[in-house]
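Overview (structure and organization)
The lines below spell out each chain.
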Amino acid sequence: DTGVSQDPRHKITKRGQNVTFRCDPISEHNRLYWYRQTLGQGPEFLTYFQNEAQLEKSRLLSDRFSAERPKGSFSTLEIQRTEQGDSAMYLCASSLVWTVAGVQETQYFGPGTRLLVL
Amino acid sequence: AQTVTQSQPEMSVQEAETVTLSCTYDTSENNYYLFWYKQPPSRQMILVIRQEAYKQQNATENRFSVNFQKAAKSFSLKISDSQLGDTAMYFCAFMGGDDMRFGAGTRLTVKP
């Protein structure tokens, strides 16, 4: 298992364009999280999935943001009509909540996608 | 709402010395998890140590240990025998229910 992967690693776009990021979680992890991290700050929760169901959205996730996790595997995060304020690192994390050892809440992070909106 | 506070934006320590990073949190939950994550420059975030709130014993992972004070809602990280590779941003994180919150981070520099 190679861990959580994200694609692309970097994205430069012009204001008003749409962008889509992909996250591939660790195999068999049932939870997948999206975070946004701006420079010098900790990650801010955006949304998360339990298998294919999107269970919670942060108020940070405006109607320009949408996320999917078809078939409970990889996930995509789309930002429509990007704004300069969307420039940030977008992190994905996954976890396997229920294990034979009990509840396991540890999240494993991907390398992130750094977005720059010009 | 849960909040996580890291009051030390930056810290430095001499190689081989010990350093303690502080973290406090606010919650009304009784069952929750606490984490310290490390984010080296331009590299991805990795888990350093985790603590379940129902466990009284402080978690330890090699040179890393925590001082978990549930009543005081404090969760500090002690790094012993600091190494140059410990230089990174350190984030304290709280997870209660489905809510994960991170502190603003402490930038730790280990000096040779």
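Note on numbering: residues in each chain are counted from 1, in written sequence order. Written order determines the labels here, with chains lettered from A and ligands numbered from 1. Thresholds applied to this predicted model are a pLDDT of at least 70 for local features of residues and 80 or more for the giving and counting of side-chain atom pairs; totals over whole chains, interfaces and linings are not thresholded and use all residues. The side-chain values count all of the structure's non-hydrogen atoms but skip hydrogen atoms and water molecules.

1. Here we look at the overall build of chain A
To keep things clear, this is the line we draw: Helix and strand assignments come from DSSP, with helices taken as H or I runs of at least 4 residues and strands as E runs of at least 2, each series counted from the N terminus. Computation of the radius of gyration draws on C-alpha atoms, with the globule rule given as 2.2 Å multiplied by the number of residues to the power 0.38. Exposure is judged per residue with a 1.4 Å probe applied to protein chains only, and the accessible area is read against the type maximum: over 50% gives exposed, under 20% gives buried, and values in between give partly exposed. Under the convention used here, a 1.4 Å probe and the Shrake-Rupley method define accessible areas, while residue burial counts only the protein chains that appear.
A tally of helices and strands in chain A yields zero helices and 13 strands. Along chain A, helices and strands appear, N-terminal first, in the series β-β-β-β-β-β-β-β-β-β-β-β-β. The C-alpha radius of gyration of chain A comes to 14 Å, within 12% of the 13 Å expected for a compact globule of 118 residues. By principal-axis analysis of the C-alpha atoms, chain A measures approximately 50 × 25 × 25 Å. Looking at chain A as a whole, 48% of its 118 residues are labelled buried. By element, 47% of the accessible surface of chain A is carried by carbon and sulfur atoms, the whole surface being about 6,100 Å².

2. Some details on the interface of chain B and chain A
By convention, interface size is frequently given as the accessible area that disappears when the constituent parts associate. Test applied: Working rule for contacts: check all heavy atoms of both residues, and any pair within 4.5 Å makes them a contact. Between N or O atoms, a polar contact is any pair within 3.5 Å; within protein, one atom must be a potential hydrogen donor and the other a potential acceptor, and residues adjacent in sequence are included only when both atoms are from side chains.
Each partner contributes residues to the interface: chain B has 15 residues there, and chain A has 20 residues. The interface formed by chain B and chain A includes four residue pairs in polar contact (both at pLDDT 80 or more). Those elements giving two or more residues to the side of chain B that touches chain A turn out to be strand E5 (33–39), strand E6 (46–52), strand E10 (88–96) and strand E11 (99–102) of chain B. With four residues, E5(B) is the single largest residue contributor to the side of chain B that touches chain A.

3. Regarding the pattern of salt bridges
If charged atoms from side chains of opposite charge come close, those side chains can pair. Residue and element names in this part refer to chain B. Selection rule: We define a salt bridge as a contact between a side-chain nitrogen of Lys or Arg and a carboxyl oxygen of Asp or Glu at a distance within 4 Å.
One pass over the full model with this rule turns up eight salt bridges over all chains. Between Arg50 and Glu52 there is a salt bridge; the shortest N-O distance is 2.7 Å. The salt bridge involving Asp86 is made with Arg63; its shortest N-O contact spans 2.8 Å. Of the two residues, Asp86 sits in the loop between strand E9 (74–79) and E10 while Arg63 sits in the loop between strand E7 (60–61) and strand E8 (64–69), which places them 23 residues apart along the sequence.

4. Considering the sheet that holds strand E7 (residues 65–68) of chain A
All names here are of chain A. Selection rule: Two strands are said to pair when DSSP picks up at least two bridges between them. As a rule, the C-alpha atoms of each element are fitted with a line to give its axis, helices using only the stretch in contact, and angles between N-to-C directions run from 0 to 180 degrees.
Ordered by their spatial adjacency, four strands build an open sheet running E1-E3-E8-E7, and the pairing between neighbours is antiparallel. A strand with exactly one partner marks an edge of an open sheet, and here the two such strands are strand E1 (5–7) and E7. Put simply, the sheet's adjacent strands are angled 15° from each other on average, direction ignored. Examined bridge by bridge, E1 and strand E3 (residues 19–24) share three bridges and lie antiparallel to one another. Residue pairing for E3: Gln6 is matched across the bridge by Cys23.

5. Digging into the state of the cysteines
Residue and element names in this part refer to chain B. Cut-off, in case you're wondering: In plain terms, two cysteine sulfur atoms within 2.5 Å form what is called a disulfide here.
Throughout the structure, instances matching the rule amount to two disulfides over all chains. A sulfur-sulfur distance of 2.0 Å marks the disulfide that ties Cys23 to Cys92. For the disulfide bridge between Cys23 and Cys92, the dihedral angle about the S-S bond is near -70°, and by the sign convention the bridge is left-handed. Here Cys92 lies in strand E10 and Cys23 lies in the loop between strand E3 (19–21) and strand E4 (24–26), a separation of 69 residues in the sequence.

6. A closer look at the environment of B:Thr5
Residues and elements named next belong to chain B. Of note, Thr5 is situated in strand E1 (residues 3–5). Among the residues examined, Thr5 registers a relative accessible area of 42% and is labelled partly exposed. As a C-alpha pair, Thr5 and Phe102 span 97 residues in sequence and 8.3 Å in three-dimensional space.

7. A short note on the pairing of E8(B)
All names here are of chain B. Bridge count between E7 and E8: two bridges; the pairing is antiparallel. Across the sheet, the residue bridging to Thr60 is Ser65, located in E8. Linking E7 to E8, which pair antiparallel, is a turn of two residues; within it Asn62 sits at a positive phi near 55°. Pairing analysis gives six bridges linking E8 to E9, with the strands arranged antiparallel. Bridging across to E9, Phe64 finds its partner in Ile79. Hairpin remark: E8 followed by E9, antiparallel, with four residues in the connecting loop; positive phi at Lys73, about 55°.

8. Quick look at the packing of aromatic side chains
To keep things clear, this is the line we draw: Aromatic pairs are defined between Phe, Tyr and Trp rings, using the six-membered ring for Trp, whenever the two ring centres lie within 6.5 Å; interplanar angles under 30 degrees are classed as stacked, those over 60 as edge-to-face, and all others as tilted. Counting as a charge over the ring demands two things of the Lys NZ or Arg CZ atom: a distance within 6 Å of the ring centre and an angle within 35 degrees of the ring normal.
The tally for this structure, following the rule as stated, stands at 16 aromatic pairs over all chains. Seen in terms of ring centroids, A:Phe109 and B:Tyr37 are 5.2 Å apart; in terms of plane orientation they differ by 85°. Their pairing is edge-to-face. You can see A:Phe109 sitting in strand E12 (residues 108–109) and its partner B:Tyr37 sitting in strand E5, one on each of two chains. The same class applies to A:Phe109 and to B:Tyr37, which are both buried. Judged by centre distance (5.4 Å) and plane angle (65°), the ring pair of B:Tyr25 and B:Tyr32 falls under edge-to-face. An identical accessibility class is assigned to B:Tyr25 and B:Tyr32; each is buried. Just above the ring of A:Phe74 sits the side chain of A:Arg22; from NZ or CZ to the centre is 3.9 Å.

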